[in-house]
Amino acid sequence: MAAAEVRDPVRSALESVLDEVRPRTGGEVASYIPELARVDPDPLGVALVSVRGVVHEAGDTETHFTIQSVSKPFVFALALDALGLDEVMRHVGIEPSGEPFNAISLELATGRPLNPMINAGAIVMSSLMPGDTADEKFDAIHRGIQRFAGRELAVDEAVFSSEHATGDRNRALAYLTLSAGTLGSPVEVATTAYFRQCSISVTARDLATMAATLATGGVNPITRERVISEDAARWTSAVMSSCGMYDESGDWLLRVGLPAKSGVGGGISAVLPGQFGIGTFSPRLDAKGNSVRGVAMLEAMSARFELHLLQHRGDPLSPIASLSRDGAETVAALRGELFFAGAEEVLARLSPLLSDEGCLVLDFTDVTRVGDTAARLFQSAPGVAGDRADGGGPKVVVRDPEGVLAR
């Protein structure tokens, strides 16, 4: 078979998901922003980008649409790195609102918006970005989102003009946060930057790449550039899990189980940490502002491909490849990637083999990576650190030809 004829089985699986959801024509395109009311309701696409930078896509993945609220978690992540978690949380909470995306959801005691995934919280995040003017703040946002996507992204000026002309409710939310002391700039500066942020033009492939950047812990898997810190990626994914799908977030976590963020432009960006990001696009929205077919696609993918974060995937492969005896030595050949759980298994299973007379050898030759916590556990195990000054006690020898314990 010629190389050109080889089918990508992952793409075929994605195409089968599109075929399943294509007949669903319920919902309406967003109409409260006049320019969005004019979009074609029929495009349908899905893209998957792995943490290795491999792209799989099906359907209308090159169709451009405005990012809208899908921008919110990424600006939150940028703010976290710019200001730190404590300072960001002085201005916004992290609890689900249980209300529509444009609701007045402010904490009574602090005046903070309940979370950064609703409009009030997102406007506050935009206000905290570096710069004094709307242009300066948007420039910081724009550069950050382009680094997430790994390419230059234009602004849809027609959508921006439409949002700016009709955005009085968002201005009202900004004035409320200003009066509560949580907004970081004048109202017009914050809202103008926010309207431009929402008007950035993207594709489903861009949303998948942005999500994959969170999945890697902050490194764009295509450009290999570190965009945000690991902490910011983890914190952002956590807030997406509980707040990303508005007042449908609980049902989403139950049925789909992926950190995700939707937008009224029809896009959804979803993360499977450590594995890949997914971007979907279909403009028709349900009553809560989520893409009807986008939700259906991700529900189908989660169920069919076993993607739910809490999916039980059977007993993990033991990190102990083999145990052998060589005279007075017991040799434990270890393998794979060792993090806390793997180190716990190794130490729990092998501790009974320690004795004053014999020697336990931990062979790390086939170990590819050791997490920091796991390395500390191994290095503090009885018999590993230092010589036995009294000539007794257990003895552990570490064979680590690649130095994985010290990386």
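Conventions we followed
Residues numbered from 1 in each chain as written. Predicted model: local features only at pLDDT ≥ 70, side-chain atom pairs only at ≥ 80, totals over all residues. Heavy atoms only, no water. Phe/Tyr/Trp six-rings, centres within 6.5 Å; stacked < 30°, edge-to-face > 60°. Helix = DSSP H or I, 4+ residues; strand = E, 2+ residues; numbered from the N terminus. Buried < 20%, exposed > 50% of the residue type's maximum accessible area, 1.4 Å probe, protein only. Lys NZ or Arg CZ within 6 Å of the ring centre and 35° of its normal. UniProt positions renumbered as here; feature names shortened; annotations may be inferred. Contact = heavy atoms within 4.5 Å. Core = buried A, V, L, I, M, F, W, Y, C linked by side-chain atoms within 4.5 Å. Polar contact = N/O pair within 3.5 Å; in protein donor to acceptor, adjacent residues only side chain to side chain. Pairing = 2+ DSSP bridges.

Novice: Honestly, the packing of aromatic side chains in this entry has me stumped. Any pointers?
Specialist: For any pair of aromatic rings, the description rests on two quantities: the centre-to-centre distance and the angle between the ring planes. Here the structure, examined in full by the defined rule, presents 4 aromatic pairs. Between F65 and F281, the aromatic rings sit 4.0 Å apart at their centres with planes inclined by 0 degrees, giving stacked as the arrangement. Within this pair, whereas F65 is found in strand 3 (residues 65-66), its partner F281 is found in strand 7 (residues 276-281), the two being separated by 216 residues in sequence. Residue class for F65 comes out buried when judged on its relative accessible area of 7%. Consider the rings of Y194 and F195, whose centres lie 6.2 Å apart with planes at 50 degrees: the pair is tilted. Taken as a pair, Y194 and F195 share a single burial class, namely buried. The ring of F138 carries R196 above its face, with NZ or CZ at 5.3 Å from the centroid. A cation over an aromatic ring shows up here: R196 above the ring of F160, its NZ or CZ 4.6 Å from the ring centre.

Novice: Just to check I follow, could you spell out the UniProt feature "binding site: substrate" (unreviewed entry) in the protein for this structure?
Specialist: As recorded in UniProt, the feature "binding site: substrate" (unreviewed entry) lies at S69, N119, E163, N170, Y194, Y246 and V264. Mapped onto the secondary structure, N119 falls in helix 4 (residues 119-128). With respect to the secondary-structure elements, E163 resides in helix 6 (residues 157-166). Under the relative-accessibility criterion, E163 is labelled buried at 5%. Setting aside residues no more than four positions away along its own chain, E163 makes contact with I33, Q68, F195, C198 and S199.

Novice: Would you take a moment to explain the nonpolar core for this structure?
Specialist: Generally speaking, soluble globular proteins have nonpolar side chains that are buried together. Among the nonpolar cores identified, the biggest contains 54 residues, and M125, F148 and I228 are the most heavily contacted of them. Sorting the residues of this core by element identifies helix 2 (72-83), helix 4, helix 5 (134-149), helix 8 (187-198), helix 9 (204-215) and helix 10 (230-243) as the ones contributing at least two each. Ignoring anything within four residues of it in the chain, the contact list for M125 reads V75, F76, A79, V88, V92 and P116. V21, I278, A296 and L307 belong to the second-largest nonpolar core, a separate cluster that totals 25 residues.

Novice: Sorry if this is basic, but what is going on with the environment of N290 here?
Specialist: Along the chain, N290 turns up in the loop between strand 7 and helix 12 (292-305). Judged by its relative accessible area of 0%, N290 falls in the buried class. Placed 50 residues apart in sequence, N290 and F340 show a C-alpha to C-alpha distance of 38 Å. Once you skip the residues sitting within four places of it in the chain, N290 turns out to touch M245, Y246, E248, S262, R284, L285 and V295. Polar contacts involving the side chain of N290 include one to the side chain of S262, which spans 2.5 Å.

Novice: How do you make sense of the pairing of strand 8 (residues 320-326) when you look at a structure like this?
Specialist: A regular strand places its side chains so that they alternate between the two faces of the sheet. Bridging between strand 8 and strand 9 (residues 329-338) involves 6 bridges; their strand directions are antiparallel. Across the sheet, D326 pairs through a bridge with E329, a residue of strand 9.

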